[in-house]
2 protein chains.
Amino acid sequence: MIRKSILLTLLVVAVTGTHAQVDNTFNLMPVPAHLTTSANKLYVNQRFRISVNGNPDKRMYAEAGRFMRRLSNKTGIFLDNQGYVTMQDSSRPSQLLLKILRPGKLQLGEDESYSIETNPTQIVVTAPTDLGGIHALETLMQLLSIDETGFYFPGVSIQDKPRFAWRGLLLDVVLHFMPVDVVKRNLDGMAAMKMNVLHLHLSNDQGFRVESKTFPRLQQVASDGIYYSQQDIKDIIKYADQRGIRIVPEFVVPAHTTAILTAYPEFASVKRDYKLQRYFGVFDPVMDPTNEKLYPFLEKLFTEMASLFPDKYFHIGGDENTGKDWQSTPHIKAFMKEKGMQKYMDLQTYFNQRLLPIIRKTGKIMMGWDEIFQPGVPKEIVIQSWRGNEDYYKSIRLGYKAILSYGYYIDLIQPASYHYLNDPAPDSANLSDAEKKLVLGGEATMWSELVTPVTVDSRIWPRTAAIAERLWSPKEINNVDDMYRRLDFASADLEALGLRHESYKLPMMRQLTNGMDTKPLEVLTSVIEPLKIYERNQGDTMYTVFSPFTKIADVATPDQKVPRVFNKEVDEFLTHPSSEIEKNISEKLLLWKENDASFKLLLHNAPALDEASSLSENLSSLASAGLEAIQFIHDHKKAGEDWLKEKLSDAAKAKQQGGRCEIQVVDAIQKLIQRAAVGN
Amino acid sequence: MIRKSILLTLLVVAVTGTHAQVDNTFNLMPVPAHLTTSANKLYVNQRFRISVNGNPDKRMYAEAGRFMRRLSNKTGIFLDNQGYVTMQDSSRPSQLLLKILRPGKLQLGEDESYSIETNPTQIVVTAPTDLGGIHALETLMQLLSIDETGFYFPGVSIQDKPRFAWRGLLLDVVLHFMPVDVVKRNLDGMAAMKMNVLHLHLSNDQGFRVESKTFPRLQQVASDGIYYSQQDIKDIIKYADQRGIRIVPEFVVPAHTTAILTAYPEFASVKRDYKLQRYFGVFDPVMDPTNEKLYPFLEKLFTEMASLFPDKYFHIGGDENTGKDWQSTPHIKAFMKEKGMQKYMDLQTYFNQRLLPIIRKTGKIMMGWDEIFQPGVPKEIVIQSWRGNEDYYKSIRLGYKAILSYGYYIDLIQPASYHYLNDPAPDSANLSDAEKKLVLGGEATMWSELVTPVTVDSRIWPRTAAIAERLWSPKEINNVDDMYRRLDFASADLEALGLRHESYKLPMMRQLTNGMDTKPLEVLTSVIEPLKIYERNQGDTMYTVFSPFTKIADVATPDQKVPRVFNKEVDEFLTHPSSEIEKNISEKLLLWKENDASFKLLLHNAPALDEASSLSENLSSLASAGLEAIQFIHDHKKAGEDWLKEKLSDAAKAKQQGGRCEIQVVDAIQKLIQRAAVGN
């Protein structure tokens, strides 16, 4: 799943966002639709209890119990032994009352709304379904506050519901497998951010990741022994269900099928010795749509797979067929000619038309990537758009339901602000009300070429929380600064919940430095980010599934706070200089300048860091130039032409990658250099 | 499993250890039986390959592949795509050749020996079985070294084999459940330390943790929904098998059975409304040995459970029966009288005699805690000793096979040095050669009253590595300082392998401080340890299975390095004062003295840390006293009586617990205070 061509244009989209009024957002993420505050503080003490009224699904009790445990863990208070919340608790006095009308059905479009009203002695959550009740509990966890007396829930009146019904995360478990516990901790994170669809990408060229009892060669020959048992799948589904999260499976056909063809080569277009693909990219192997035996095979396989997943939607991929294996095969060319097909996509449309009744027969609705859309395909299908605005709006205007993933490719190491301002139904699109209803929502996509179970959290979180807010909150909630302020809290909460986007770093750094002080490495990695878009895996030939992902580019994370804050400070300094901000900037520059000497000492004992040596040097000379520039500005002196030329050359050099990473403060320091040469 | 009475005496055992010659230990843990070095360095580059000759079990190939992955992750070198090592690789040139004679059988007493010889161009591992081959790979991972050229394997000649055949870790998954991924990462840690038995404690008063198809009420009613599916058990066994680790299951009878009796109350001695126990301790519920229906029930249940675990040994617990429910029940008293039984243990012996043929019929060998030993029971049984030396040696002298756990209770927060010097067959015991053979080995016991999946690693590691060495290496390897030196490397390696005994701390500290700077908390926790032995859970009534284990006592870890080093420095200072060591000590004391002010600032935003407020204050005044003492000593002045009295009173105060923790530098500072009052 490389999706390269169009995505390379993404970076030109401007990151601005209006500066809407920020009001009553507390530290909440996503921000609720309506919130007002009251004076009814409710302190948490050991007698805190929950009761549940009405007729919820049993998941409400399980989640209420989990809430009690989290509350206890966060506050350190030994709650009076209400370990599990049961129906028997409904009649007992409580500090938190959940009133749930009916069991929620875990399906697209179910009511997820809720309200919270704080009375002087009780918090009352009201929701049509337990799905709303679950969201209310997450809101309350985030509202939990502290004053000199202790932990309390602030007085609020909240009426909340999602803007979009489909708020998803795609997790690719093929390119790198993700064990069940990784999936579970990310489900916890999704629930905390009120996301409700986990899209599992389960087959591709590198493997088939679900046990099949019908076609056991799929796991025996086409998985390297790394796959989910059917019991694992049940376990994941149960875990997700409790949190109000649907699981949508994806099995890609007809291309991206090297794994399936390794197990069952008789369905390939070209006879070859198929082996699991170890590289990442777009490859030629593709199923042969002219082989009549293919359809009974797919019917059996998809019937078995569909039976494992209760969700109504079944994703068949359909993307990135090169067409080469079709165009080079005489009997396929002959077939196309006979049927009057002009281009290979016509043959893929034919394949999809044969597939559609098979998917229907399993009781599911077919969905796929942009490529499955061809004028004339039935309106029931759902299109997931990765290729961007044009195709996306085209299908919507033609009456197709769509999910936006373009702009939510979190594997591309872009900042949260970029994803945050990417709206699935922006005013600028001028969609009619009917068209707006066709926009189901969006999905962040975690393709796993360059991540492992150890690093994957750091590519998902915290940025995906910003996408979750875009998909849940009113579109007017779009203040980037306030989003970043709240993202810090969300990030800490997610770590406390078990995600490891921060805590994975220290052991990896200790390994990189072979037990030496990690400080110089921490300083360097705080101002660098892995190469963005698809640059890190140059030419798709650097990395394989066996490559080490334990290097500086894996410790470096996207959207680093240190350069974000520094860049803002430099802008502030250049427009409204003050001695305080000059001091802030200078201290950082000095740290970076001096860090290189300590970093160099590390290298004697850390060969794996050699590749970052130039990064550290460049950062040092760049920071040095920045300090000189500040001195010029401070002294109201003008730097000479030679100085400018030399320092700009340093800055240009500092833009070069090292260890597949880039320094993120070059532009800001370049601004300082240029200002120094202007004089004032 | 509280095992309290006798264990309270443990602390009086002196921690000394002879200072044997330390030679050729590199950073290896456990130290091999024989090691000599040579000049044949072998550098690792991208062409590094493994080949396997001979006739190993297939686990050898899987482990060789895992070795390649670990080597790549540790060095950062992109190895040429030998992702999986297969039989086809046997004929290709390689830098590491594994010569394995025959498939290892994963059973007690199998040959685990291996040798490593480094030639100028190749490392050759020779082993009778793949189990030895696996150990050799772990030795090589630890030998991996660095010089200015890069990573290399030093030239060695190693002949190694274990001293004991049973080198176990008991993991209690009942008192707190441990998910499959927690078990797996600990299996990785065990394999790294050449341990070969994971003893899973699977039922107790708080739950029954394995899915039973015969008696499904066990998981439905007696597990809170938290248990291993049979698929999970298979998965764990397979994972362990690949690493050469046996899985021994334990199902405790006849006491510690509240969970089983909750599901099947008809087998209880006393009719009660049984509910899962939420507290920890020793309770009265016990099965009724006079009920003839009990034995067919146990036969069915144990036959099903035994079939899940391929290992030959089956642990039936048998410990901590209070006898009260038997003595208070007329028909049981009548039964005892009729059979001429004097005390309740006679009835337990009767029960065990009835159980033995049932266990035999499943094809297993029965094992249990000390209590199952009664003169006359068949010699085939294996006794696991928790009550200490007397019972242990008694059963050995009577010809019974035994495993030592007394002295390896890692839940008791004692230092590694204590466990390290606890020998299962010390010279002082004067065992005959025949008796020595009855000593199978030992097991560290991780009882989980006070640990969760998040904190459990920090109670197991790194201390268990010292126990692993005791059980593997020659008994002459007992230099405590060298053990601690190597333990630091082992600890870092274990974290890189995925254990989280260090990295769990930061997210927990961030939660405790609610996002404030964690530094003051880090300083405080570096010199405190949780209360030892059974003091933390005072009276067994403070904690339940639902209590928060997210507090300062959970962030504090056993056997802290900072106080260990400080205490040594103080001793050094008092015997051989130097300005350097005075400076070291003074800097630490100053840090601790001044830390309290920063810690107090935290408290405004961290109510959960209030309980540690006195600890921080006491540390500060204690450190202050230490600084004054050093000044007196430095100036060769004598402190006055009043000063001494006041400071000793400060020291006494500093011994008080806070947040269920104790300061670990009180004694050392007290020594400084006392010396100051002596003058010199």
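Note that the coordinates shown come from a computational prediction; the quantities given were computed from them, not determined experimentally. (Residues numbered from 1 in each chain as written. Chains lettered and ligands numbered in written order. Predicted model: local features only at pLDDT ≥ 70, side-chain atom pairs only at ≥ 80, totals over all residues. Heavy atoms only, no water.)

Below, the discussion takes up the overall build of chain A. Along the backbone of chain A there are 24 helices and 18 strands. Here the C-alpha atoms of chain A give a radius of gyration of 27 Å, agreeing with the 26 Å that 2.2 N^0.38 yields for 680 residues. Along the longest, intermediate and shortest principal axes, the C-alpha atoms of chain A span 80 × 70 × 50 Å. In chain A, buried positions account for 63% of the 680 residues. Considering only contacts in chain A between residues 6 or more positions apart, those separated by 24 or more positions represent 77%. The averaged location of the 84 negative side-chain charges in chain A is 4 Å from the averaged location of its 80 positive side-chain charges. (Helix = DSSP H or I, 4+ residues; strand = E, 2+ residues; numbered from the N terminus. Rg over C-alpha atoms; globule rule 2.2 N^0.38 Å. Buried < 20%, exposed > 50% of the residue type's maximum accessible area, 1.4 Å probe, protein only. Contact = heavy atoms within 4.5 Å. Lys, Arg positive; Asp, Glu negative; His and termini not counted. Charge placed at Lys NZ, Arg CZ, Asp CG, Glu CD.)

This part takes up the pattern of salt bridges. Evaluation of the coordinates by the stated rule reveals 92 salt bridges over all chains. One salt bridge in this structure joins Glu 112 of chain A and Arg 167 of chain A, with 2.8 Å as the shortest N-O distance. Taken together, the residues Glu 112 of chain A in the loop between β3 (96-102) and β4 (114-118) and Arg 167 of chain A in strand β8 (residues 166-172) connect sequence positions 55 residues apart. The shortest N-O distance in the salt bridge between Lys 74 of chain B and Asp 493 of chain B comes to 3.3 Å. A residue pair is termed long-range when its members are at least 10 positions apart, and Lys 74 of chain B in helix α1 (residues 59-75) and Asp 493 of chain B in helix α16 (residues 480-497) qualify at 419 residues. The class for Lys 74 of chain B is buried, based on a relative accessible area of 15%. Residue classification places Asp 493 of chain B among the partly exposed residues on the basis of a relative accessible area of 29%. Salt bridges sharing partners connect three or more residues here, namely Glu 63, Arg 66, Arg 70, Glu 138, Asp 188 and Arg 243 of chain A. (Salt bridge = Lys/Arg side-chain N within 4 Å of Asp/Glu carboxyl O.)

Taken together, the contacts link 44 residues of chain B with 44 residues of chain A. Each partner contributes to the roughly 3900 Å² buried at the junction of chain B and chain A, and carbon and sulfur atoms together form 59% of this total. The three residues of chain B that bury the most area against chain A are Phe 78, Tyr 84 and Phe 546 of chain B, which together make up 16% of that side's buried surface. Linking chain B with chain A are 0 salt bridges, by the criterion used here. Joining chain B to chain A, the criterion identifies 6 residue pairs in polar contact (both at pLDDT 80 or more). At the level of elements, α1, β7 (150-160), α16 and α17 (505-512) of chain B are the ones that each hand at least two residues to the side of chain B that touches chain A. Sort the elements by how many residues they give to the side of chain B that touches chain A and α1 of chain B lands first, with 5 residues. Here the residues of the side of chain B that touches chain A sort into 17 nonpolar, 17 polar and 10 charged. (Buried area = accessible area lost by both parts, 1.4 Å probe. Polar contact = N/O pair within 3.5 Å; in protein donor to acceptor, adjacent residues only side chain to side chain. Nonpolar A, V, L, I, M, F, W, Y, C, P; charged D, E, K, R; others polar.)

Going from Met 29 of chain A to Pro 30 of chain A, the amide bond is cis rather than trans, its omega being -5 degrees. Located in the positive-phi region is Asp 559 of chain B, a residue other than glycine, with phi close to 55 degrees. Turning to its location among the elements, Asp 559 of chain B is positioned in the loop between α19 (552-555) and α20 (561-575).

Here we take up the domain arrangement of chain A. Frequently, the measure chosen for interface size is the accessible area removed from exposure when the parts meet. Residues and elements named next belong to chain A. For chain A, the assigned domains read domain 1 (4-160), domain 2 (166-480) and domain 3 (505-678). At the interface, 22 residues of domain 2 touch 22 residues of domain 3. Here the side of domain 2 that touches domain 3 is composed, by residue class, of 10 nonpolar, 7 polar and 5 charged. (Domains from an automatic or database assignment.)

Residue and element names in this part refer to chain A. With 13 residues, helix α23 (residues 641-653) should cover 18 Å at 1.5 Å per step; its first-to-last C-alpha distance of 18 Å lies within 8% of that length. Along α23, the positions that sit buried rather than exposed are Trp 643, Leu 644, Lys 647, Asp 650 and Ala 651. Taken down its axis, α23 places every buried residue within 125 degrees of arc, on the same side. Exposed residues lying more than 90 degrees from the buried face of α23 are Glu 641, Asp 642 and Lys 645. Against the buried residues of α23 lie α22 (613-634) and α24 (666-678). (Expected span 1.5 Å × (residues − 1). Arc of directions from axis to C-beta.)

This paragraph deals with the environment of Tyr 418 of chain A. By secondary structure assignment, the location of Tyr 418 of chain A is in helix α12 (residues 416-420). Distance in space between the C-alpha atoms of Tyr 418 of chain A and Leu 35 of chain A is 26 Å, their sequence separation being 383 residues.

Once chain B has been moved 0.0 Å along the axis and rotated by 180 degrees, it coincides with chain A to within an RMSD of 0.0 Å. Taken together, the rotation and translation relating the two chain copies correspond to the operation of a two-fold axis. Comparing interface residues between copies, 100% of those in chain B also sit at the interface in chain A, which points to an isologous, same-surface contact. (Least-squares fit on C-alpha atoms with pLDDT ≥ 70 in both.)

Let us now look at the confidence of the model for chain A. Reading predicted coordinates in detail is not appropriate for stretches of low pLDDT. All names here are of chain A. In the predicted model, chain A carries a mean pLDDT of 94, and 96% of its residues have values of at least 70. In the predicted structure, residues 1-22 sits below a pLDDT of 50 and forms 60 contacts with residues beyond four places in sequence or in another chain. The ipTM value of the predicted complex is 0.94, and its pTM value is 0.95. (pLDDT = per-residue confidence, 0-100.)

If you walk through the whole model with that rule in mind, you get 46 aromatic pairs over all chains. Relative to Tyr 350 of chain A, the ring of Phe 335 of chain A lies with its centre 5.3 Å away and its plane at 65 degrees, an arrangement referred to as edge-to-face. Taken as a pair, Phe 335 of chain A in helix α9 (residues 330-338) and Tyr 350 of chain A in helix α10 (residues 344-361) lie far apart in primary sequence, 15 residues in all. Side by side, Phe 335 of chain A and Tyr 350 of chain A carry an identical accessibility label, which is buried. Through pairs of rings, three or more aromatic residues link up here, namely Phe 208, Phe 251, Phe 302 and Phe 314 of chain A. Cation over ring: Arg 470 of chain A sits above Tyr 420 of chain A, and NZ or CZ is 4.6 Å from the ring centre. If you follow Lys 379 of chain B out to its NZ or CZ, it ends over the ring of Tyr 400 of chain B, 5.6 Å from the centre. (Phe/Tyr/Trp six-rings, centres within 6.5 Å; stacked < 30°, edge-to-face > 60°. Lys NZ or Arg CZ within 6 Å of the ring centre and 35° of its normal.)

Here the focus is the side chain of Asn 196 of chain A. All names here are of chain A. The residue Asn 196 is located in the loop between α3 (180-192) and β9 (197-204) in this model. Within the structure, the side chain of Asn 196 is placed 2.9 Å from the backbone oxygen of Ala 165, a separation counted as a polar contact. Not counting residues within four places of it along the chain, the set of residues in contact with Asn 196 comprises Glu 112, Ala 165, Trp 166, Arg 167, Gly 244, Ile 245 and Arg 246.

This part covers helix α15 (residues 463-472) of chain A. Across the 10 residues that make up α15 of chain A, a large majority, 10, are buried. Listed as buried for α15 of chain A are Arg 463, Thr 464, Ala 465, Ala 466, Ile 467, Ala 468, Glu 469, Arg 470, Leu 471 and Trp 472 of chain A.

A word on the pairing of strand β12 (residues 313-317) of chain B. All names here are of chain B. With 5 of 5 residues buried, β12 lies mostly within the body of the structure. Both faces of β12 are covered, namely the face carrying Tyr 313, His 315 and Gly 317 and the face carrying Phe 314 and Ile 316. As paired strands, strand β11 (residues 246-253) and β12 are joined by 2 bridges and run parallel to one another. Pairing of Val 253 across the sheet is with Gly 317, part of β12. (Pairing = 2+ DSSP bridges.)

Moving on: the side chain of Thr 257 of chain B. Residue and element names in this part refer to chain B. As for its position among the elements, Thr 257 is in the loop between β11 and α6 (258-263). Owing to a relative accessible area of 1%, Thr 257 belongs among the buried residues under this scheme. In this structure the side chain of Thr 257 is engaged in a polar contact, spanning 2.8 Å, whose partner is the backbone oxygen of Pro 254. Not counting chain neighbours up to four residues away, the residues in contact with Thr 257 comprise Asp 205, Val 252, Pro 285, Val 286 and Met 287.

This part takes up the environment of Val 248 of chain A. Residues and elements named next belong to chain A. Assignment of secondary structure puts Val 248 in strand β11 (residues 246-253). For Val 248, a relative accessible area of 0% puts it in the buried group. Expressed as a C-alpha distance, the spacing of Val 248 and Val 197, which sit 51 residues apart in the sequence, is 7.0 Å. Those residues in contact with Val 248, other than ones at most four positions away along the chain, are Trp 166, Val 197, Leu 198, His 199, Leu 200, Asp 311, Tyr 313, His 315 and Met 367.

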